[in-house]
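Residue strings, one per chain:
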Amino acid sequence: MNIAIISLPFRYNYGHHLQAYALTKSLESMGHHITYIDQEYHRSQKWWRYPFCFIKRFYLKYITGDTKQEIFIERRLNKEHQIISTHLLAFRNQHIPNRLNVKDFHKDIKDGMFDAIVVGSDQVWRLGSFDWVFHTDITNAYLAFASKWSIKRIAYAASFGLDKWMYDSAQTQTCSELVKKFNGISVRELSAVDLCKDYLHVKAELVLDPTMLLEKNDYLRLLRYRDTKPAPDKLMTYILDANEDTKRIISSVATKLKLVPYAANSRVEDENAPIIERIQPPIEQWIRCIDDSEFVITDSFHGTVFCIIFNKPFLTLTNHDRGIPRLNSLLQLFGLEDRLISTSITKVIQPKEINWQQVNEKRDRLKQESLIFITKSLNQ
């Protein structure tokens, strides 16, 4: 089959790249041809807003004396994006080369191009995520643009990100009608199963995040395509939203473990940081760091996922902005709830040792169930 994957556009996040890679490889191993639906990064304003923006920026910079104000900030951000994502683009070009850049779902994706469309994974059903980054309506995450097409429609490990329903009544009704046309519906959080039942009125299956469909050695094989260096030390940190609380906890754990912490990612989210400090290291180097580590501290969903895949002791810090329910659901699946700690705690208590044999057996079972779901949905 010719299958399109619709998730989120590629940006700077390692986890998103790797879930796209894993789902692509899993479907290709079943004999399918995969196209990833993407949208190129481009910071801009709507054409009619430019005169107002420029006048306002000019006023703030030259009349009020705001020296930090930039007149042509979009030009700078677009130029910096190419530098920041240099290594990530190399990964995409090599491992996910078949991508279709879409500006308008209704115009750029035509009936007959694909036999099936897989929606997911990542927070593709989160209001304010898919619709914001793709500059489109959330209903297109439920294939509104393809509502009359005769194709297979599958949601694989789709995520709402939150455990609360955020759609308005009109969005809820439309998405409920669209999702009933799907051949298979699956989500990656326990809370999402209930949201689908209560608001979309459909039954959704719980499946693993795509990254867990591959094994540790599948990811280590990626290191053959790029030179990597040994990790600088044994306590890896992968923090997406650093603050004083995360720094305090990292320092406390480092002291207890007698290890030196180091950051495996750049300051990519900090637009005020020097550009050299924002360049994301290669994904392959990130994987090497996990493999070399003795302990990992992260506030990332996929950072947590890869600790489980690589059987690395870890602590996951709560990250409210990016969604705690998905972390709760992931850890609950494997009986690892004690690895999630609040950034507001004053004293870090060392959690009990992880029974990796038990975790791996559970993952193997869930992996087989997830692959069966994909096969069954495509064959219906």
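Residues numbered from 1 in each chain as written. Predicted model: local features only at pLDDT ≥ 70, side-chain atom pairs only at ≥ 80, totals over all residues. Heavy atoms only, no water.

## What about the overall build of the protein?
- For the protein, the count of helices and strands is 14 helices and 12 strands.
- What you see for the protein is a C-alpha radius of gyration of 21 Å, in line with the 21 Å of a compact globule of 380 residues.
- Taking the principal axes of its C-alpha atoms as reference, the protein extends roughly 65 × 60 × 40 Å.
- Split into buried and exposed, the 380 residues of the protein put 53% on the buried side.
- Contacts in the protein between residues at least 24 apart in sequence constitute 76% of all its contacts with a sequence separation of at least 6. (Helix = DSSP H or I, 4+ residues; strand = E, 2+ residues; numbered from the N terminus. Rg over C-alpha atoms; globule rule 2.2 N^0.38 Å. Buried < 20%, exposed > 50% of the residue type's maximum accessible area, 1.4 Å probe, protein only. Contact = heavy atoms within 4.5 Å.)

## Some remarks on the sheet that holds strand β3 (residues 99-101)
- Read across the open sheet, the 7 strands follow the order β3-β2-β1-β4-β5-β6-β7; overall the sheet is parallel. A strand with exactly one partner marks an edge of an open sheet, and here the two such strands are β3 and β7 (205-206).
- When strand β1 (residues 2-6) meets strand β4 (residues 116-119), the two strands line up parallel, connected through 4 bridges. Across the sheet, residue Ile5 finds its bridge partner in β4, namely Val118. (Pairing = 2+ DSSP bridges.)

## A short note on the sheet that holds strand β12 (residues 340-341)
- As summarised here, the arrangement of the 5 strands in space is β9-β8-β10-β11-β12, forming an open sheet in which the pairing is parallel. Either end of the sheet is taken by a strand with one partner, and the two such strands are β9 (261-263) and β12.
- Summarising the sheet, strand β8 (residues 235-238) and strand β10 (residues 295-298) pair through 4 bridges and their orientation is parallel. Note that in β10 the partner of Thr237 across the bridge is Ile297.
- The sheet contacts of helix α10 (residues 244-257) involve β8, β9, β10, β11 (314-317) and β12, and relative to β10 the element is tilted by about 170°. (Axes fitted to C-alpha atoms, helices over the stretch in contact; angles between N-to-C directions.)

## Focus on the pattern of salt bridges
- Per the counting criterion, the structure on display carries 18 salt bridges.
- Glu215 is paired through a salt bridge with Lys367; the nearest N and O atoms lie 2.8 Å apart. Linking Glu215 in the loop between β7 and α9 (216-220) with Lys367 in helix α14 (residues 356-379), this pair joins segments that are 152 residues apart in sequence.
- The closest approach of N and O atoms between Arg267 and Glu277, which form a salt bridge, is 2.5 Å. (Salt bridge = Lys/Arg side-chain N within 4 Å of Asp/Glu carboxyl O.)

## Overview of the packing of helix α1 (residues 14-29) against helix α11 (residues 283-292)
- Contact geometry of α1 with α11 gives a least axis separation of 11 Å together with a crossing angle of 95°. In terms of axis orientation, α1 runs roughly perpendicular to α11. Residue-level contacts link Tyr14, His17 and Leu18 of α1 to Ile283, Trp286 and Ile287 of α11.
- Looking at the contact of α1 with α11 residue by residue, the class counts come to 5 nonpolar, 1 polar and no charged. (Parallel < 35°, antiparallel > 145°, perpendicular 65-115°, else oblique. Nonpolar A, V, L, I, M, F, W, Y, C, P; charged D, E, K, R; others polar.)

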